[in-house]
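Each chain, written out:
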Amino acid sequence: MAEVSAQMVKELRERTNAGMMDCKKALAESGGDFAKAEEWLRKKGIAKAAGKEGRVASEGVIGTYVHSGRIGVIVEVNCETDFVARNPDFQDLVKDVAMQIAAAGPKFVRREEVPTDNLDKEKDIQREILKQQGKPEAMLEKILVGKMEKYYEGVCLVDQLWVKDDKKKVGEMISERAAKIGEKVSVRRFVRYELGEGIEKKKDDLAAEVAKTLGQA
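Residues numbered from 1 in each chain as written. Predicted model: local features only at pLDDT ≥ 70, side-chain atom pairs only at ≥ 80, totals over all residues. Heavy atoms only, no water.

## A few points about the sheet that holds strand 1 (residues 59-67)
Sheet strands pair by backbone hydrogen bonding; their relative direction is either parallel or antiparallel. Spatially, 1-2-5 is the arrangement adopted by the three strands of the open sheet, whose pairing is antiparallel. What marks the edges here is a single partner per strand, and that holds for strand 1 and strand 5 (186-194). The mean angle between the axes of side-by-side strands here comes to 10°, regardless of whether they run parallel or antiparallel. As judged from the eight bridges shared by strand 2 (residues 71-79) and strand 5, these two strands associate in the antiparallel manner. Among the inter-strand pairings, Asn-78 is bridged to a residue of strand 5, identified as Ser-186. Most of the contacts of helix 6 (residues 88-104) go to strand 2, to which it runs at about 140°, and overall it touches strand 1, strand 2 and strand 5. (Pairing = 2+ DSSP bridges. Helix = DSSP H or I, 4+ residues; strand = E, 2+ residues; numbered from the N terminus. Axes fitted to C-alpha atoms, helices over the stretch in contact; angles between N-to-C directions. Contact = heavy atoms within 4.5 Å.)

## With respect to the nonpolar core
Core analysis: the biggest nonpolar cluster contains 31 residues, and Val-75, Phe-90, Val-97, Ile-174, Val-185 and Val-187 have the highest contact counts within it. For this core, the elements supplying multiple residues, two or more each, are strand 1, strand 2, helix 5 (82-85), helix 6, helix 9 (170-181), strand 5 and helix 10 (206-216). Per element, the largest residue contribution to this core is nine residues, and it comes from helix 6. Excluding residues within four positions of it along the chain, Val-97 makes contact with Val-75, Leu-157, Met-173, Ile-174 and Val-187. In this structure, Leu-12, Leu-27, Phe-34 and Ala-37 belong to the second largest nonpolar core, which totals 14 residues. (Core = buried A, V, L, I, M, F, W, Y, C linked by side-chain atoms within 4.5 Å. Buried < 20%, exposed > 50% of the residue type's maximum accessible area, 1.4 Å probe, protein only.)

## Notes on the packing of aromatic side chains
Geometrically, a pair of aromatic rings is defined through the distance of the ring centres and the angle of the planes. Overall, the coordinates contain one aromatic pair when judged by the stated rule. Residues Tyr-151 and Tyr-152 carry aromatic rings whose centres are separated by 6.1 Å and whose planes lie at 55° to one another, so their mutual orientation is tilted. With respect to burial, Tyr-151 and Tyr-152 carry one shared label: buried. (Phe/Tyr/Trp six-rings, centres within 6.5 Å; stacked < 30°, edge-to-face > 60°.)

## Concerning the pattern of salt bridges
Tallied over the entire structure, the rule returns 15 salt bridges. Across the salt bridge formed by Lys-25 and Glu-172, the nearest N and O atoms sit 4.0 Å from each other. On the criterion of sequence distance, the pair formed by Lys-25 in helix 2 (residues 20-29) and Glu-172 in helix 9 is long-range, its members being 147 residues apart. Taking the relative accessible area as the measure of exposure, Lys-25 reaches 28% and is therefore partly exposed. Judged by relative accessible area, Glu-172 falls into the buried class, the value being 9%. (Salt bridge = Lys/Arg side-chain N within 4 Å of Asp/Glu carboxyl O.)

## What to know about a nonpolar patch on the surface
A cluster of nonpolar side chains, Ile-62, Ile-74, Val-191 and Tyr-193, forms an exposed patch at the surface whose accessible area comes to about 380 Å². In this fold, Val-191 is placed in strand 5. (Patch = residues over 30% accessible without salt bridge, like charges linked within 9 Å, V, L, I, M, F, W, Y side chains within 5 Å. Areas by Shrake-Rupley, 256 points an atom, 1.4 Å probe, with all protein chains shown as cover.)

So, in structure tokens, the structure goes:
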């Protein structure tokens, strides 16, 4: 795959309104060729879905998912019309998003929601780890960029790898479904409950149990 610069990603994003990670992947897959990258995005339905960003998604569904009575999720997924909110494809999307939250335990929907204090703390931790590993001072900030991407993949729903297909991220899955549905689709918010959370006691890794169950589905 071709090396993709931040400027290339920015330019493709301005052309297509697609997400940053989608643009980066499109350029990498297309060898840095912008025309091919745009075509890649269109084939995936991402550019089409991104073109709806200016429209308002105020309808939708409050979806729920409970795993073995031990993990519960409530999630709001929005679309543009009540008609689509009743569509089976949209309903399936809401269910998949709720299952993802149950299995992977994200803290935020998207990276823009992560508080600055959280980011600063994580950067300090990762910077100290790199120093302890003897990484050159001049390379720390560059390496840190990749470390923070991994952090986002852990805590942000749309940046996580989809538990049903780890070759794509949740944001990509949502964009593809939105293109098929034909409306703007957005995850607004969610709440995740885990039995016994906050109580000092020995407990199993319930999130791993959910992910294992989904992987066998």
